[in-house]
Structures are given as C-alpha cells and as structure tokens.
Amino acid sequence: MAAMCARYSLARTDAALADLFGVPELASVPPREMIYPTQDVPVVVEGPRGVRRLGSRRWGLVPHWADDPTIGQKMLNARSETVAEKPSFRRAFAARRCLVPADGFFEWLKDGKARIPHRFARADGRAFAFAGIWERWGGRGGNEAPPHGSGAGDDAALETVAILTTLPNETVAPVHDRMPVILPETAWGPWLDPENRDTAALAALLVPFAAAPLSCMRLR
DNA sequence: CCAGACGTTGTT
DNA sequence: GTCTGG
DNA sequence: CCAGACGTTGTT
DNA sequence: GTCTGG
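This text gives an overview of the structure that appears in the document. The model shown is predicted, which means the values in this text are computed figures rather than measured ones. (Residues numbered from 1 in each chain as written. Chains lettered and ligands numbered in written order. Predicted model: local features only at pLDDT ≥ 70, side-chain atom pairs only at ≥ 80, totals over all residues. Heavy atoms only, no water.)

A closer look at the overall build of chain A
Point 1. Across its full length, chain A holds four helices and 12 strands.
Point 2. Taken against the 2.2 N^0.38 rule, which gives 17 Å for 220 residues, the C-alpha radius of gyration of chain A at 17 Å falls within 12% of a compact globule.
Point 3. Here the C-alpha coordinates of chain A stretch approximately 50 × 35 × 35 Å along the principal axes.
Point 4. A total of 220 residues make up chain A; the buried ones form 49% of that total.
Point 5. Excluding contacts between residues fewer than 6 apart, the proportion of contacts in chain A whose partners are at least 24 apart in sequence is 68%. (Helix = DSSP H or I, 4+ residues; strand = E, 2+ residues; numbered from the N terminus. Rg over C-alpha atoms; globule rule 2.2 N^0.38 Å. Buried < 20%, exposed > 50% of the residue type's maximum accessible area, 1.4 Å probe, protein only. Contact = heavy atoms within 4.5 Å.)

Put into structure tokens, the structure is as follows:
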C-alpha cells in the first residue's frame, strides 16, 4: 500500500539545523537516514517574543484527553483539509504549530503486490521543513504549560508531534496520492507565530510544495 | 441519549 | 474533552 | 443522528 | 409528525 509520510530522513548535524533555522543548537540531534514513528524527532518551535528554538518531540501525537498514550502510534499524520476541526488536532493546530526539519521523505509505490520505496529530496540537497503540530500529554502542569519542553513544572509530560499531509505535487503523484506539507521559508513565520489566529491564512499555507525543487529517486 | 471513538491509509 | 454512530 | 416506534394488558 | 432507543 502506498505509503504516507511514515518515514523520513534527517542526516543533518545539529549545527547545520541551527544554522538553517536560525536557532540555538540542541544538545544532540543524531543524524538519521531513516526516522520512524514513535522516535523522538527535532522540531522548531516559537515562543512568546518570536524566539525560535530547537526542541524534541515524539512522533505520533497524543491528544491531551487521551487515557492511553499508545493512541499516538496512529496519529502520525494530520490531514490539512481537516486538521482545524478534528477533536484530536484542532487545539494543537490553533496553538502549537511547529516545523519538522527533514532532508528527505519516503513513499512506497504500489506495484501489484510489490511495494517499491522512493525517496524524495530537494534536488539541491538542502534540508526543508514539514508543517507539524504538537501536543503535551500528562505531566504535572496540565496541558497549558509554555510551549517549550524541558521547562519547569511539567514532570513526566509527554510531548508529541504529527506531520501534516496534503495532495501530492507532480513529482510525488506518480508514486502516491498524499504527501507531507513542506513549508517554503516564507511560510515559516506565519506558521510558527503562536499569536497567529488567522486560521484561513494558516490553512492557505497547507498546500503541495512546488514540484520543481523536488527530486525523486526510486530505491531498490 | 449513551457508548465508543477520537487517525491515516502507514514497513521497525 | 468532544463528536459520532447506533 | 437516524431508524423505528408510536399501545395496553381489553369479550367482535 | 414526533419521540425514543441505540
């Protein structure tokens, strides 16, 4: 079956990410050629005064009301078409948007019984950013703590993230009918701004990335 | 009205 | 916590 | 929200 | 047509 954004890569050093996103370095972001759901992944979040930071979130969003955090295992992606309304996602969409740095993502082409992996990346090799939303679950401070983890007052809180999806562009369409939302640099500001309540403007950012800058490599 | 879901389409 | 399905 | 009931306990 | 049960 066709894949979705259930695998991506980030083989960048922490320093390179810090440079690309203009944020202080995190302690350690190990380069990875293949990132899986439930792993901790780096994200870029923005605080009150426009201060951006690298953070870490578990991939697979656990809604604030969840009784059992294993529900996050199936919340890898959020459809951009419905993310503003879905009970599981709308709070995160309204208040906790982030960027998820990547330098490639994988989709599987269904060919009869076979599934052939493809890797998509920027032709120029640069890293890019998925649109993400994140949530905080459990811990001591409830769910309304400040947007930077590892801060004070949220012992044992689990911070999780989901990657938004949209229709495929012309590069991806031959392989799969969905693709992750990749935000161009011009969209990073409005997407990250926690004060941005213009949901129509936000939704307008969630469109297929331009086809031309993306390359597709058939693997195997 | 209550019970059950709450998501996407996904290869650890 | 809120919506949906029955 | 939709499907299904919607009545009584009775000699035409 | 409206209420109830699920």
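Moving on from the coordinates now.
Brief notes about the protein's contact with DNA strand C
Point 1. Around DNA strand C, the neighbouring residues are His64, Trp65, Pro87 and Arg90.
Point 2. Note that a sugar or linking oxygen of DNA strand C is positioned 2.9 Å from one of the side-chain N or O atoms of Arg90.
Point 3. Class assignment of the residues belonging to the surface near DNA strand C gives a composition of two nonpolar, one polar and one charged. (Near = heavy atom within 4 Å. Polar contact = N/O pair within 3.5 Å; in protein donor to acceptor, adjacent residues only side chain to side chain. Nonpolar A, V, L, I, M, F, W, Y, C, P; charged D, E, K, R; others polar.)

Considering the state of the cysteines
Point 1. Going through the model one piece at a time under the given rule, you end up with zero disulfides.
Point 2. Cys5 takes part in no disulfide bond, and the closest cysteine sulfur, belonging to Cys98, lies 13 Å away.
Point 3. Cys5 provides the cysteine sulfur closest to Cys216, a residue in no disulfide bond, and the two sulfurs are 14 Å apart.
Point 4. On the basis of relative accessibility, which here comes to 38%, the residue Cys216 falls in the partly exposed class. (Disulfide = S-S within 2.5 Å.)

Digging into the environment of Ser56
Point 1. With respect to the helices and strands, the residue Ser56 is situated in strand E4 (residues 52-59).
Point 2. Judged by relative accessible area, Ser56 falls into the partly exposed class, the value being 38%.
Point 3. As for Ser56 and Val41, which are separated by 15 residues in sequence, their C-alpha atoms are 5.4 Å apart.
Point 4. Once residues lying within four places of it in the same chain are set aside, the contact partners of Ser56 are Asp40, Val41, Val43 and Glu159.

A word on helix H1 (residues 14-21)
Point 1. If you check which residues of H1 are buried, you get Asp14, Leu17, Ala18 and Phe21. Buried residues along H1 cover an arc of 100° about the axis, so they all sit on one side.
Point 2. Those residues of H1 that are buried are in contact with strand E1 (8-10), strand E3 (40-46), E4, strand E6 (97-102), strand E9 (128-137) and helix H3 (185-192).
Point 3. Looking one or two residues past H1, Gly22 carries a phi angle of roughly 65°, positive in sign. (Arc of directions from axis to C-beta.)

Topic: the pattern of salt bridges
Point 1. Scanning the model with the defined rule gives 11 salt bridges in all.
Point 2. Of the charged contacts, one joins Arg58 and Asp40 as a salt bridge, the two residues approaching to 3.8 Å between their closest N and O atoms. Highlighted residues: Arg58 in strand E4 and Asp40 in strand E3, separated in sequence by 18 residues.
Point 3. On the basis of relative accessibility, which here comes to 41%, the residue Asp40 falls in the partly exposed class.
Point 4. In this structure, Asp124 engages Arg122 in a salt bridge whose closest nitrogen and oxygen atoms are separated by 2.9 Å.
Point 5. You can call Asp124 partly exposed: its relative accessible area is 43%.
Point 6. Exposure remark for Arg122: the relative accessible area of 19% places this residue in the buried category.
Point 7. Linked through salt bridges whose partners overlap, the residues forming this network are Arg12, Asp103 and Arg119. (Salt bridge = Lys/Arg side-chain N within 4 Å of Asp/Glu carboxyl O.)

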